[in-house]
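# Fold and contact review
Letter by letter, the chains look like this.
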Amino acid sequence: MTTPLDTVTREQVVTTICTVLPRVTRGELAVATEDTRLMEDLGLSSSSTLELMLELEDALEIQINVEDIDRDDFRTVGTLASFVAGHLLGEE
Amino acid sequence: MTAIEAVATYLPEQRVPVERLGDELGLSTMEVRVFRRFHELADVCRAPGVSLVDLLLAAARRLDALRGSEHRVRYVLHARTFPVVVPYPVNPVHEVSRALGLDDALAFTVTHHACATGLLALDVAGRLLASGGEPDALALILTGEKAFTRDAQLVPGSSLFGEGAAACLASADGPRDRLLAYAVNQRGEFDDELSTDPAGFQDEYPSALAETILAAVDRAGLRLEQIGLILPHNVNILAWQRLCLRIAFPASRVLLDNVPLTGHVFCADAFVNYETACARNLLRPGDHYLVAAAGAGLGATFSAMVFEH
């Protein structure tokens, strides 16, 4: 049984995004890296990026504060990981 | 200057949680969870067995200011998200007019600005009244629809429609809730956007609505910081949080409390939120506030109005 995390590192988030991405892209993904562009390379939409956030919350047992999220944060796996690591609910 | 004389609304008591709607609409578990977790949609109102006419009448009959003033009503407008909501020759706006004793009023439907049609109807009503030369004349604007098809229940990835209705009495001029400015941005390239290019519309949505809001504020001769409150359309909360970031307006001054309670009540959102704002004394005499709406269907429309309470 896992314990809910109070904090996650950016690297943990990058790894987890790459793990859960196939669920959101319905398996249409070979390999993702930090520089993979979520919309241009993977074809994610606004809706599917939110599904990705929910998959991340489930996998890492965290809650993400999405109030300040903007389109730029969804640019790449890396930018999303930076946002998530810096916007965990319960940390403020 | 067009003025709002009175507003009344009707929201059915029955609430349906998003999970049940998701089952009925065949949404995935993840889609439903995104609605609840990020869009903060929880319940929508439903009035099974209640016709569109009865829905509109329920709101109009709560309009105390209408009683005794029926003879002053020159126009009855039904502002609709969907151009077709009943089979020919049924005509809800005529039936409602008759039931309210407004047989002498010219009754018609306003459509094609999708969920922003409520604001269009208010603008049209004000222009008609101003050109009529009767200072005491009134227009009755009705909003609200039945969630009768899949398209009338769901905006994929964005929102869920709820049933309800609003009735608004408008005059050509008046002391309160004076319309200072109206801005509309129509985007024909999003014709049939829901089936062909939902991502394109979603990408364009924040900037297009932001531009429209700022245009309306500018036309009113105001600065954004002079707007005390925004009455939104109740599409979802996340869209408004992103929009607020874009225009540097505090989300705490957008009345979002009804989003989880009612969902997106077609063209009635603005009036439902107006009534909530008044009930909570959020508007004081002289306050400036903005009403914003966006709709998509056969083209997209982004609209904003600035009022002085």
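What counts and what doesn't
Residues numbered from 1 in each chain as written. Chains lettered and ligands numbered in written order. Predicted model: local features only at pLDDT ≥ 70, side-chain atom pairs only at ≥ 80, totals over all residues. Helix = DSSP H or I, 4+ residues; strand = E, 2+ residues; numbered from the N terminus. Buried ≥ 20, exposed ≤ 12 C-beta atoms within 10 Å, placed from the backbone. Contact = placed C-beta atoms within 7 Å. Rg over C-alpha atoms; globule rule 2.2 N^0.38 Å. Nonpolar A, V, L, I, M, F, W, Y, C, P; charged D, E, K, R; others polar. Domains from an automatic or database assignment. Axes fitted to C-alpha atoms, helices over the stretch in contact; angles between N-to-C directions. Parallel < 35°, antiparallel > 145°, perpendicular 65-115°, else oblique. Left-handed = near helix turned anticlockwise from the far one by under 90°. Core = buried A, V, L, I, M, F, W, Y, C linked by C-beta atoms within 7 Å. Pairing = 2+ DSSP bridges.

The next thing to look at is the overall build of chain A. What chain A contains, in helices and strands, is three helices and zero strands. The N-to-C order of helical and strand elements in chain A reads α-α-α. Across the 92 residues of chain A, 32% fall into the buried class. For chain A, contacts bridging at least 24 residues in sequence account for 72% of all contacts bridging at least 6.

Attention now goes to the overall build of chain B. Secondary structure assignment for chain B yields 10 helices and 12 strands. Against the 2.2 N^0.38 benchmark of 19 Å for 309 residues, chain B shows a C-alpha radius of gyration of 18 Å, consistent with a compact globule. In terms of its C-alpha atoms, chain B occupies a principal-axis envelope of roughly 55 × 45 × 40 Å. The contacts of chain B with a sequence gap of at least 6 include a subset with a gap of at least 24, amounting to 79%.

In this section: the interface of chain B and chain A. Each partner contributes residues to the interface: chain B has 12 residues there, and chain A has 11 residues. Where the side of chain B that touches chain A is concerned, the elements lending two or more residues are α2 (29-37), α7 (198-219) and α8 (237-247) of chain B. For the side of chain B that touches chain A, the per-class residue count stands at six nonpolar, three polar and three charged.

Residues and elements named next belong to chain B. Mapping I227 onto the fold places it in the loop between α7 and β11 (229-231). Residues I227 and H78, spaced 149 residues apart in sequence, show a C-alpha to C-alpha distance of 28 Å. For I227, the contacting residues outside a window of four places in its chain are V217, L222, H288, Y289 and L290.

Right, let's get into the domain arrangement of chain B. All names here are of chain B. Taken as a whole, chain B is organised into domain 1 (3-171) and domain 2 (178-308). The distance between the C-alpha centroids of domain 1 and domain 2 comes to 17 Å. Facing 39 residues of domain 1, the contacting portion of domain 2 comprises 36 residues. Breaking the side of domain 1 that touches domain 2 down by element, the ones donating at least two residues are β1 (3-10), β3 (43-45), α5 (117-132), β8 (159-160) and β9 (165-171). The leading source of residues in the side of domain 1 that touches domain 2 is α5, at five residues. For the side of domain 1 that touches domain 2, a count of residues per class yields 19 nonpolar, 15 polar and five charged.

Here we come to the packing of helix α2 (residues 46-60) of chain A against α2 of chain B. Packed helix pairs are specified by the crossing angle of their axes together with the interaxial distance, meaning the distance between the axes. For the pair α2 of chain A and α2 of chain B, the least separation of the axes is 10 Å and the interaxial angle reads 85°. When the axes of α2 of chain A and α2 of chain B are compared, the pair comes out roughly perpendicular. Between α2 of chain A and α2 of chain B, the residues in contact are L50, E51 and L54 of chain A and M30, R33, V34 and R37 of chain B, respectively. The residue inventory of the contact of α2 of chain A with α2 of chain B, partitioned by class, reads four nonpolar, no polar and three charged.

As a further point, take unusual backbone geometry. All names here are of chain B. Residue P89 is reached from Y88 by a cis peptide bond, and omega for that bond is 5°. Even without being a glycine, A114 presents a positive backbone phi close to 50°. Inspection of the secondary structure puts A114 in the loop between β5 (106-110) and α5. One non-glycine residue, F266, lies in the positive phi region at around 50°. With respect to the secondary-structure elements, F266 resides in the loop between α9 (259-262) and α10 (269-279).

Quick look at the packing of helix α3 (residues 52-60) of chain B against helix α4 (residues 92-99) of chain B now. All names here are of chain B. Two elements in contact, α3 and α4, have axes whose closest approach is 9 Å; the angle formed by their N-to-C orientations is 45°. Viewed along their axes, α3 and α4 adopt a mutual orientation that is oblique. Read as a crossing pair, α3 and α4 show a hand that is right-handed. When α3 is examined against α4, the residues L52, V53, L56, L57 and A60 are found in contact with a partner set consisting of P92, E95, V96 and A99. Of the residues that constitute the contact of α3 with α4, the class distribution is eight nonpolar, no polar and one charged.

Residues and elements named next belong to chain B. Ranked by size, the top nonpolar core spans 136 residues in total, and within it A60, L77, L140, I141, L142 and L290 carry the most contacts. Per-element tally for this core: the top contributor is strand β12 (residues 288-308), with 13 residues. Counting residues domain by domain, this core receives three or more from each of domain 1 (3-171) and domain 2 (178-308). Beyond its immediate stretch of four places on either side in the chain, I141 contacts L77, A79, A121, L122, A125, C168 and A170.

Further remarks concern the pairing of β5 of chain B. Sheet topology note: the strand β4 (residues 73-79) of chain B/β5 of chain B ladder contains five bridges and is parallel. Counterpart to Y75 of chain B in the pairing with β5 of chain B is L106 of chain B.

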